[in-house]
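# Overview (structure and organization)
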Amino acid sequence: MKLEILRYPDERLRRKGEPITEITEEIRVLAGDMVETMYAEEGIGLAAPQVDRLLRLVVTDFSGPSKREGAKVYINPELEFLGEEKQESEEGCLSVPDLRASVERASRVRVRALDLEGRPFTEEADGVRSICLQHECDHLEGRLFLDHLSRLKRNLYTVKRKKALLMTERP
Ligand code: NI
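These remarks concern the structure in this document. (Residues numbered from 1 in each chain as written. Predicted model: local features only at pLDDT ≥ 70, side-chain atom pairs only at ≥ 80, totals over all residues. Heavy atoms only, no water.)

## Digging into the pattern of salt bridges
Selection rule: We define a salt bridge as a contact between a side-chain nitrogen of Lys or Arg and a carboxyl oxygen of Asp or Glu at a distance within 4 Å. By definition, any uninterrupted DSSP run of H or I lasting at least four residues is a helix, any uninterrupted run of E lasting at least two residues is a strand, and each is numbered from the N terminus. Only protein chains enter the calculation, and the probe is 1.4 Å; a residue is then buried if its accessible area is under 20% of its type maximum, exposed if over 50%, and partly exposed in between.
Counted by the stated rule, this structure contains 22 salt bridges. As a salt-bridge pair, K2 and E41 come within 3.1 Å of each other at their nearest N and O atoms. Within this pair, whereas K2 is found in the segment before helix 1 (25-40), its partner E41 is found in the loop between helix 1 and strand 1 (45-47), the two being separated by 39 residues in sequence. The residue R100 makes a salt bridge to E90 at a minimum N-O spacing of 3.5 Å. Placement of the pair is R100 in strand 5 (residues 96-106) and E90 in strand 4 (residues 86-93), with a sequence separation of ten residues. Summarising the burial analysis for this pair, R100 and E90 share the class exposed. Shared partners join several salt bridges into a network, and the residues in it are E80, R108, R110, R112 and E124.

What follows is the structure, encoded as structure tokens:
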């Protein structure tokens, strides 16, 4: 089932995800629905708080929304930055419509998480995978990629977005 994605400036995006203590059928269904939603919206990652579920759960597919062959589930992911090197790249977010902007993040990360069977795994990532994992884990802390932009850029976007919302809400 495709889920509704919360969109900025919805304050619910600012809430933190809680650790998952037991991988129930409900969690498995949620993870499946999140993958379906990510594909439907043509994203490469989605975090549970974006669909109004306050859990530490992330799904990704780095093969791209058209291939759809690498869906991966991260339960209670923990990120570690590997080295000091940074990379800058253009990001977008399904919860932040009509904005792509350049963000600087760590080049390499290591993520520790559980899979849907509750088995721990570790993954090292660089390039777009590293960016995506950092972006999605930010969502678990109530952070958006907007928060990494300058105040000026963020304010400009906020004004634009509020205007757009007013237009669509007009009768
Ligand atoms: Ni996002």
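## Brief notes about the pairing of strand 5
As a reminder of what qualifies: By the convention used here, strands pair only if DSSP detects at least 2 bridges between them.
The pairing of strand 4 with strand 5 spans seven bridges and is antiparallel. Counted as the bridge partner of E90 is S102 from strand 5. Counting the residues between successive antiparallel strands, the hairpin from strand 4 to strand 5 contains two residues.

## Looking at the sheet that holds strand 7 (residues 120-125)
Stated precisely, the cut-off is as follows: Here the axes come from fitting lines to C-alpha atoms, over the contacting stretch only for helices, and the angles between their N-to-C directions go from 0 to 180 degrees. Whether two residues are in contact is decided by their heavy atoms: any pair within 4.5 Å suffices.
Read from one edge to the other, the open sheet built from five strands follows the order 1-2-3-6-7, with strand pairing classed as antiparallel. Edge positions in the open sheet fall to strand 1 and strand 7, since each of these has one partner strand only. Taken pair by pair, the neighbouring strands of this sheet meet at an average axis angle of 40°, ignoring direction. Bridge analysis of strand 1 against strand 2 (residues 57-61) gives three bridges, and the strand direction is antiparallel. Across the sheet, A47 pairs through a bridge with V58, a residue of strand 2. Packing against the sheet, helix 1 makes contact with strand 1, strand 2 and strand 3 (71-81), and its axis sits at approximately 40° to strand 2. Across the sheet, helix 2 (residues 127-140) touches strand 1, strand 2, strand 3, strand 6 (109-114) and strand 7, and the angle it forms with strand 3 is around 90°.

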